[in-house]
Amino acid sequence: MAYVTTPPPPSVALDGLSPERREMFAERLGRWWPDLHDALAGLHGGAATDLGAELVDLAAQAFRDRPDAQHRRDLQRMLRPDWLQEPSMLGYAAYTERFAGDLRGVVEEIPYLRDLGVTYLHLMPLLQPREGDNDGGYAVADYRAVRPDLGTMEDLEVLASALHADGVSLVLDLVLNHVAREHDWAARARSGETAYREYFHVFPDRTLPDAYELTLPEVFPDFAPGSFTWDDELDGWVWTTFNEWQWDLNWSNPAVLREFASIILELANRGVDVFRLDAIAFMWKRMGTDCQGQPEVHAITQALRAVTRIACPAVAFKAEAIVAPSKLLAYLGQGRYTGKVSDLAYHNSLMVQVWSMLASKDVRLAAHALSHLPTKPTTSTWLTYLRCHDDIGWAIQDEDAVAVGVDGHAHRRFLTRWYAGQFPGSNADGLVFQYNPATDDGRTSGSAASLVGLSTAGTDEERDLAARALRLAHALVLGWGGIPVIWSGDELGQPNDPHWADEPGHEDDNRWAHRPRLDRERHDARNDPTTAAGRVFADLQGLIRARASLPHLHGSIESRIGPVDDPGVLVTVREHPLGTFVAVHNVTPTWRLWPGHRAHALGVDNSSDELTGQPLTWGDDGNVWLEPYAVVWLTAEAR
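Residues numbered from 1 in each chain as written. Predicted model: local features only at pLDDT ≥ 70, side-chain atom pairs only at ≥ 80, totals over all residues. Heavy atoms only, no water.

Visitor: Teacher, can you tell me more about the overall build of the protein chain here?
Guide: Assigned secondary structure in the protein chain consists of 22 helices and 23 strands. Across its three principal directions, the C-alpha atoms of the protein chain cover 75 × 60 × 45 Å. Counting the 639 residues in the protein chain, one finds 61% classified as buried. Of all intrachain contacts in the protein chain linking residues separated by at least 6 positions in sequence, the fraction that spans at least 24 positions is 72%. Total accessible area computed for the protein chain in this model is approximately 24,000 Å², and 50% of it derives from carbon and sulfur atoms. Side chains of the protein chain give 57 positive and 90 negative charges; the mean places of these two sets differ by 4 Å. (Helix = DSSP H or I, 4+ residues; strand = E, 2+ residues; numbered from the N terminus. Buried < 20%, exposed > 50% of the residue type's maximum accessible area, 1.4 Å probe, protein only. Contact = heavy atoms within 4.5 Å. Areas by Shrake-Rupley, 256 points an atom, 1.4 Å probe, with all protein chains shown as cover. Lys, Arg positive; Asp, Glu negative; His and termini not counted. Charge placed at Lys NZ, Arg CZ, Asp CG, Glu CD.)

Here it is, written out as structure tokens:
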């Protein structure tokens, strides 16, 4: 694709800006125009130049109106382009109302977040959703307004400013694939405005929907079967991947791209640092496919990112793409899109394999699966996590299972039963989500503490082992690299909410069990080591502080899996210019060994544990012995 190398001058007046600031805009426009035009040419052919000029005008307007504090933030991050990759980055994710009541309440909790070490706060959907059932806020009715019970856009700006003053970045969800049926665009489509009808995929009969359905998977087969909904007012079938009241947008219409560019720029000027691009995989539709991860998805992301870089380069994109490992890297940039799309992507495979190891007490499947992941671009970063707002889908690939002599379907079934406490020996207290009797497949809901059995432990020994297992699981996430994100309540060992089904609209969705309101009693007892909350919080603080001190955990460095000598011990290795980082994990409740010759070969035989300051526990047999659920972080200087 040939670039148009000369960007169009913005028609938006920049005369009121200083010469230095006008020059800054011109330089950014020259840098990012080729990426913008290239993406638009792939999407819209000959219309790319005119559409690009419209988007440049949006960027110029946002640049002109951007507050001085945000301009300074742009400069700081241009000077530190690896800010997302620094080991000091730690995320926390929460529903605003369940964490602190409202946006003003979150301001009051900033000291709590900093006590934990948080530098990246993801507040779950807080833009105005539809009334009633709204998929946890992912059915947005207005992208330019905050839910009234949480505050106002001005409150959001106050929060962003307060977070920035304490070194914390603000992360918000931006739902790209769909809007609520009640959104103004959908209302105008139903009223007969042709321009807005074309914002959606609308069909007069079932001919094309039936053809698409042949290859479309169902996301929520229990309560939202099928991918199309008849709407009387629209007088047509509208594409609804997730729910009948979530209308999929027609991203082949350039007007949709213009709308979202404007939304992103407005929210960025209000202080948003990172956009979680929700349901990004579903944005482009193509007959005969599963309509996920089509190449145009990455072109759209490149266009939006280029516009954002021109106006506000401090802002980053995070792809919410829970897809097979072989498809995930495309969202961080491959081929022509390398370094041009999202800056972050969820490491779903790591999360799944951590829970798989803890249930099976065996690392071999995880070691194989994680060692065969493709290498990410050095400029992008994984977002690692143990739990999130969503269920756990047991994404164990059959080919990985077969490679280590495991039946994939049987293992997935085992994990579903284990974490529901339905398997002999399990103390887990999770819930089965979206069980499919036809395939005998299910997913899992539950807080981290409930899944490790901390909430059901009846003896001091059981509580100790569960707390050890939780620390180990967090260590695997924190020691992988990238940005680890703690799900609200997990830092306090909070169990499932036993009353999750009592709230209207929640009774059919047991994911609300692991979305409890933050327990204020646990919150206030976090520094009391005699309490369960105090122990879990202190364990996590220790891991976080050690992580922040280790340059080896910079996100540009890849983790690799070491040899598996004991099926209960996982070893990860990171080669940094300063030296080697080795993490050794015993995923079992019994003592295990790590061969001494491995420690000698890696040069960490005389190292002390970065987490405790203690030397390795050498046995008379010349091996390193690991206590139940032990995790050891070791470093060696470069040779």
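After that view, the rundown keeps rolling.
Visitor: How should I be thinking about the nonpolar core in this particular structure?
Guide: One recurring pattern in soluble globular proteins is that nonpolar side chains are buried together. If you look at the biggest cluster of nonpolar residues, it comprises 190 residues, and the most contacted ones within it are Tyr92, Phe200, Trp251, Trp355 and Trp633. Broken down by element, this core gets its largest block of residues, ten residues, from helix H11 (residues 254-269). Contacts of Trp251, omitting those with residues within four sequence positions, involve Leu176, Val256, Leu257, Phe260, Met283, Trp284, Ile300 and Leu304. (Core = buried A, V, L, I, M, F, W, Y, C linked by side-chain atoms within 4.5 Å.)

Visitor: Teacher, can you tell me more about the pattern of salt bridges here?
Guide: Pairing between side chains becomes possible if they bear opposite charge and their charged atoms approach one another. With the rule as written, the count across this model stands at 51 salt bridges. Between Glu193 and Arg188 there is a salt bridge; the shortest N-O distance is 3.0 Å. Overall, the relative accessible area of 31% leaves Glu193 in the partly exposed class. Note on Arg188: relative accessible area 28%, which makes it partly exposed. Here Arg309 makes a salt bridge to Asp343, at a shortest N to O gap of 3.1 Å. (Salt bridge = Lys/Arg side-chain N within 4 Å of Asp/Glu carboxyl O.)

Visitor: It is not clear to me how the sheet that holds strand S1 (residues 91-94) should be interpreted in this structure. Could you clarify?
Guide: Spatial strand order, S1-S2-S5-S11-S12-S13-S14-S17: eight strands in a closed barrel with parallel pairing. Strand-to-strand twist in this sheet, taken as the mean axis angle between neighbours without regard to direction, amounts to 25 degrees. Here two bridges tie strand S12 (residues 316-319) to strand S13 (residues 344-346), and the two strands are oriented parallel to one another. Following the sheet pairing, Ala319 is matched in S13 by Ala345. Its contacts with the sheet put helix H7 (residues 153-165) on strand S2 (120-123) and strand S5 (169-175), and the angle it makes with S5 is roughly 140 degrees. (Pairing = 2+ DSSP bridges. Axes fitted to C-alpha atoms, helices over the stretch in contact; angles between N-to-C directions.)

Visitor: What am I meant to see in H7 here?
Guide: Note that an α-helix has 3.6 residues per turn; residues three or four places apart therefore point the same way. Counted at 1.5 Å a residue, the expected span for H7 with its 13 residues is 18 Å, and the 19 Å between its end C-alpha atoms agrees. Within H7 the residues assigned to the buried category are Met153, Asp155, Leu156, Leu159, Ala160, Ala162, Leu163 and His164. After H7 finishes, the residue Gly167 shows a positive phi value of roughly 80 degrees. (Expected span 1.5 Å × (residues − 1).)

Visitor: Teacher, can you tell me more about the packing of helix H1 (residues 19-44) against helix H3 (residues 68-79) here?
Guide: Each pair of packed helices gets described by two things: the angle between the helix axes and the distance between those axes. Taken N-terminus to C-terminus, the directions of H1 and H3 make an angle of 50 degrees; their axes are 14 Å apart at the nearest point. As summarised for this structure, H1 and H3 are arranged oblique, according to the angle between their axes. The two elements H1 and H3 meet at a crossing, and its hand is left-handed. Of the residues in H3, those touching H1 at Arg21, Met24 and Arg28 are Asp68, His71, Asp74 and Met78. A per-class count over the contact of H1 with H3 returns two nonpolar, one polar and four charged. (Parallel < 35°, antiparallel > 145°, perpendicular 65-115°, else oblique. Left-handed = near helix turned anticlockwise from the far one by under 90°. Nonpolar A, V, L, I, M, F, W, Y, C, P; charged D, E, K, R; others polar.)

Visitor: Would you explain H11 in this entry?
Guide: The end-to-end C-alpha distance of H11 is 23 Å, a good match for the 22 Å that 16 residues give at a rise of 1.5 Å each. Counting buried residues in H11 gives twelve out of 16 residues, a clear majority hidden from the surface. Within the sequence span of H11, burial applies to Ala255, Val256, Leu257, Glu259, Phe260, Ala261, Ile263, Ile264, Leu265, Leu267, Ala268 and Asn269. Put simply, Asn253 is the residue that caps the front of H11, since its side-chain oxygen is 3.0 Å from the backbone nitrogen of Ala255. Positive phi appears at Gly271, one or two residues downstream of H11, with a value of about 115 degrees. (Polar contact = N/O pair within 3.5 Å; in protein donor to acceptor, adjacent residues only side chain to side chain.)

Visitor: Honestly, the sheet that holds strand S19 (residues 569-576) in this entry has me stumped. Any pointers?
Guide: Taken in spatial order, the four strands line up as S18-S19-S20-S23 in an open sheet, and their pairing is antiparallel. Whereas interior strands pair on both sides, the edge strands pair on one side only; in this sheet they are strand S18 (560-561) and strand S23 (631-637). Examined bridge by bridge, S18 and S19 share two bridges and lie antiparallel to one another. For Ile561, the partnering residue across the bridge sits in S19 and is Thr572.

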